[in-house]
Amino acid sequence: MIRTFKRPIKRVVIKVGSSVIADYTLKARSAQLRSLVGQMSALNQQGIEVILVSSGAIVLGMGELGLKTRPSDLASLQALAAVGQTVLMKTYSVFFKKTDTKCAQVLLTWEDFDSRNRYNNASHTLKAILAHKVIPIINENDTISTDEIKFGDNDKLSALVAGLVHADLLILLSDVKGLYEKRDGKTQYFTEVKEINADIQGMATGSVNANISKGGMAAKLAAIKIATHANIPCVIASGSTKNVLADVINGQPVGTFFFSKEDKTLARRHWISFIAKPKGTITVDDGAVAALLTRGKSLLLPGVVKCEGHFKADDVVIIQDQHAGEIARGIVHYSVADILNISEKKGQHEVIHCDDLVLCKR
Ligand code: GLU
């Protein structure tokens, strides 16, 4: 059975996990990486734009410094990432050079997705790199990322990147062949998943070699939810399957295919719902709840009961009813100080325009 994609695959994000990059001796799996780089270069030469999101900095840093076990404190992990990222990029650039393809390093933090300006800037930079037929190799900027500004894992990062560049497909390569369940002691792989419901979520088990990898299947499914909601289909496949990338792109039934959502969430709405971290909460009265939920109106100042947090104009905030139930998220026009200021003067000021509001599904 051949898979068909709703739109032709012209731009693909490929996420390569740490277990694909390094073996249990914490050294690069050179033969596997050479093969994947060859496959990516071939796609690039066929005119398919490839964006690579690669983990592996920390594990290669451990290998480089001769550490046997992964430390748990942030500073040590940041130091290892600093060491390992250069090993990672050197490995990639040597292999890409052999295939006459150029690559570029892009290190991102959560803040690049959290501010609309930086989000647009990152998108322009990546598109400019692709315009030169260069393959961007993205990783989290682990060396400066603290807990507050961390993505958490590269599965999520790859889903956000896929949304950022409007990719046609996201491929997550790891050491498993796809989503599977164990039945009567047998492993059964899913070839496709229409919707990530509670049953599918329940299959997100399986061991993770915590010395090498982060996240596991649960992180992959969470990332796939983000990407499929941005109308991007996803495939989980094994990095060691021969010719995996071309086969996936040609619709061969390799790995597990996750269908994208029909109702395309617009980039802005996607950013408001999934990407930006809310900077505060606005509590609104019952009249405003009805105006927002049933009449599609903007949020006006008289409906605001209370503001919490330190938000500025253009930040994303949570809008809740008086029972603390979230009803929407939106981009606020005023800072918290401005709202308090104009409240004293009264008037029908528009605090959040209806086009900047995303209602929660109830
Ligand atoms: N950014 C981390 C690294 O390069 C990996 C995070 C992850 O695997 O999710 O080591």
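Residues numbered from 1 in each chain as written. Predicted model: local features only at pLDDT ≥ 70, side-chain atom pairs only at ≥ 80, totals over all residues. Heavy atoms only, no water.

Asker: How would you explain the site of the ligand if you had to name every residue and give the values?
Answerer: With respect to spatial proximity, 10 residues lie near the ligand, and among them A57, I58, N139, D142 and N154 are the closest. In the environment of the ligand, an oxygen atom lies 2.7 Å from a nitrogen or oxygen atom belonging to the backbone of N154. Protein contacts shield 95% of the accessible area of the ligand, which totals 300 Å² for the unbound molecule. Broken down by class, the residue content of the shell around the ligand amounts to 2 nonpolar, 5 polar and 3 charged. (Near = heavy atom within 4 Å. Polar contact = N/O pair within 3.5 Å; in protein donor to acceptor, adjacent residues only side chain to side chain. Areas by Shrake-Rupley, 256 points an atom, 1.4 Å probe, with all protein chains shown as cover. Nonpolar A, V, L, I, M, F, W, Y, C, P; charged D, E, K, R; others polar.)

Asker: Lay out the side chain of D168 in plain terms, naming residues and giving numbers.
Answerer: Counting through the fold element by element, D168 comes out in the loop between α7 (154-164) and β5 (169-174). A distance of 2.9 Å separates a polar side-chain atom of D168 from the backbone nitrogen of K10. Other than its neighbours up to four places away in sequence, D168 contacts R7, P8, I9, K10, R11, I232 and P233. (Helix = DSSP H or I, 4+ residues; strand = E, 2+ residues; numbered from the N terminus. Contact = heavy atoms within 4.5 Å.)

Asker: Talk me through helix α4 (residues 74-98); I want residue IDs and the actual numbers.
Answerer: One turn of an α-helix holds 3.6 residues; hence residues three or four places apart share an orientation. Spanning 25 residues, α4 covers 36 Å between terminal C-alpha atoms, matching the ideal 36 Å at 1.5 Å per step. The axis of α4 is deflected most strongly, by about 25°, at G84. Among all positions of α4, only L77, Q78, L80, A81, G84, Q85, L88, M89, T91, Y92, F95 and F96 are buried. Where α4 terminates, the next one or two residues include D100, which has phi positive at roughly 60°. (Expected span 1.5 Å × (residues − 1). Bend = angle between axes of the 7 residues up to and from the residue. Buried < 20%, exposed > 50% of the residue type's maximum accessible area, 1.4 Å probe, protein only.)

Asker: Give me the pattern of salt bridges: which residues, what numbers.
Answerer: Scanning the entire structure with this criterion turns up 10 salt bridges. The closest approach of N and O atoms between E49 and R11, which form a salt bridge, is 2.7 Å. Of this pair, E49 sits in strand β2 (residues 49-54) while R11 is found in strand β1 (residues 11-16), placing the two residues 38 residues apart along the sequence. What makes E49 partly exposed here is its relative accessible area of 23%. Assessed through its relative accessible area of 16%, R11 is described here as buried. (Salt bridge = Lys/Arg side-chain N within 4 Å of Asp/Glu carboxyl O.)

Asker: Account for the sheet that holds strand β4 (residues 135-140), with residues named and values stated.
Answerer: Reading across the sheet, the 8 strands line up as β3-β4-β2-β1-β5-β9-β10-β8 and stay open at both edges, with mixed pairing between neighbours. Edge positions in the sheet fall to β3 (103-108) and β8 (192-193), since each has one partner strand and no second. Across the sheet, helix α2 (residues 30-45) is in contact with β1, β2, β4 and β5; its angle to β2 comes to roughly 150°. (Pairing = 2+ DSSP bridges. Axes fitted to C-alpha atoms, helices over the stretch in contact; angles between N-to-C directions.)

Asker: Before we move on, could you go through the environment of G255 and cite the residues and values that matter?
Answerer: Its location among the elements puts G255 in the loop between α10 (244-249) and β10 (256-258). Its relative accessible area of 16% is what places G255 among the buried residues. Considering only alpha carbons, one finds G255 and H353, 98 residues apart in sequence, at a separation of 43 Å. Residue contacts for G255: discarding those within four places in its chain leaves R3, K177, F190, T191, I236 and A237.

Asker: Talk me through the packing of α7 against helix α9 (residues 216-229); I want residue IDs and the actual numbers.
Answerer: It is the contact of α7 with α9, at a shortest axis distance of 8 Å, that shows an interaxial angle of 15°. In terms of orientation, α7 and α9 fall into the roughly parallel class. Classified by chirality, the crossing of α9 by α7 is right-handed. Across the interface between the two elements, D155, K156, A159 and L160 of α7 pack against G216, A219, K220, A223, I226 and A227 of α9. (Parallel < 35°, antiparallel > 145°, perpendicular 65-115°, else oblique. Left-handed = near helix turned anticlockwise from the far one by under 90°.)

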